[in-house]
Amino acid sequence: VSMKAIVVYSSKTGRIQQIAQAMAQVLPQGTPCVPVDEMPSDFSNYDCVFMGFWIDENQADPKGQEALKKIANDHVAIFTTMYDDPYSDQASKHLRSAVELLKPGSGVVGTYITWTDKARYMYEPDAGEDLHLDEAQSFAKNTVSRLKGN
């Protein structure tokens, strides 16, 4: 039985969109990849929801927050961009505040951070900017294989 996943994202500069699309490429064939404005109202028929947003003023961006509040699923994987050190206490707090917005009873099965230089954060990425898409894809693949119990 193949897993049914969906990738939902809120992107301002295009980084999160690129990361979301890269993840969708390695998820089961036919996995939708949609901006929050086009996300479904019900996630109960998905085995896993990948939700991406950018950190704005120490929390998920406003559109990301709105989307998180509407997501109810046992298996939510969170991915984000931020300019704080991904291993810092600050980063953990950003992720925690986002996770707490999910509908009660939702479960988080993974978190993934793409670090971005603070000077570039609010600008569109340069053509050569390394978004470590291969690492994002590994995160997506590993999340799904863990859920399958492989």
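The structure we're discussing is the one just above.
Just so we're clear, the structure is a prediction, and the values are computed from it rather than from any experiment.

### Examining empty space enclosed by the protein
Step number 1: Counted according to the given criterion, the structure contains 1 cavity of 30 Å³ or more.
Step number 2: Counted as a void, the largest cavity has a volume near 70 Å³.
Step number 3: As for the largest cavity, its lining consists of S11, K12, T13, R15, I16, W54, T81 and Y121.

### A few points about helix α4 (residues 133-148)
Step number 1: Taking 1.5 Å of rise per residue, 16 residues should cover 22 Å, and α4 covers 23 Å from first to last C-alpha, within 8% of that figure.
Step number 2: Three or more residues of α4 are buried, namely A136, Q137, F139, A140, T143 and V144. Looking straight down α4, one finds its buried side chains confined to an arc of 155°; they lie on one side.
Step number 3: On its buried face, α4 is in contact with α1 (15-26), β3 (48-56), β5 (76-82) and β6 (108-115).

### Some thoughts on the pattern of salt bridges
Oppositely charged side chains are able to pair whenever their charged atoms sit close together.
Step number 1: Summed over the entire model, instances satisfying the criterion amount to 5 salt bridges.
Step number 2: The salt bridge involving D37 is made with K63; its shortest N-O contact spans 3.0 Å. With D37 in the loop between β2 (33-35) and β3 and K63 in helix α2 (residues 62-70), the pair connects residues that are 26 residues apart, well separated along the chain.
Step number 3: For K63, a relative accessible area of 46% corresponds to the partly exposed category.
Step number 4: With a shortest N-O distance of 3.0 Å, K93 and D89 are connected by a salt bridge. A residue pair is termed a helical-turn pair when its members lie 3 or 4 positions apart in one helix, as K93 and D89 do in helix α3 (residues 89-99) at 4 residues.

Cut-offs used in this document
Chains are numbered independently. Their residues run from 1 in the order of the written sequence. Where local features are concerned, this predicted model is filtered to residues with pLDDT of at least 70; where side-chain atom pairs are given and counted, the filter is 80 or more; whole-chain, interface and lining totals use all residues. Here the side-chain values reflect all heavy atoms present in the structure, with hydrogen atoms and water set aside. We place a 1 Å grid over just the protein atoms. Points where a 1.4 Å probe fits but has no way out form a cavity, open points with protein on both sides within 12 Å along at least 5 of 7 lines form a pocket, and any residue with an atom within 4 Å of a point lines it. Grid points are joined across faces, edges and corners, and a volume is the space filled by probe spheres set on the points. Helical segments are the DSSP runs of H or I of at least four residues, strand segments are the runs of E of at least two, and each set is numbered from the N terminus. One fewer than the residue count of a helix, multiplied by 1.5 Å, yields its expected span. Partly exposed residues are those whose accessible area sits between 20% and 50% of the maximum for their type, while under 20% is buried and over 50% is exposed, using a 1.4 Å probe and protein chains only. The directions from the helix axis to the C-beta atoms are what the arc is built from. Contacts between residues were defined by any pair of non-hydrogen atoms, one from each residue, lying within 4.5 Å. The working definition used for a salt bridge is a side-chain nitrogen of Lys or Arg within 4 Å of a carboxyl oxygen of Asp or Glu.

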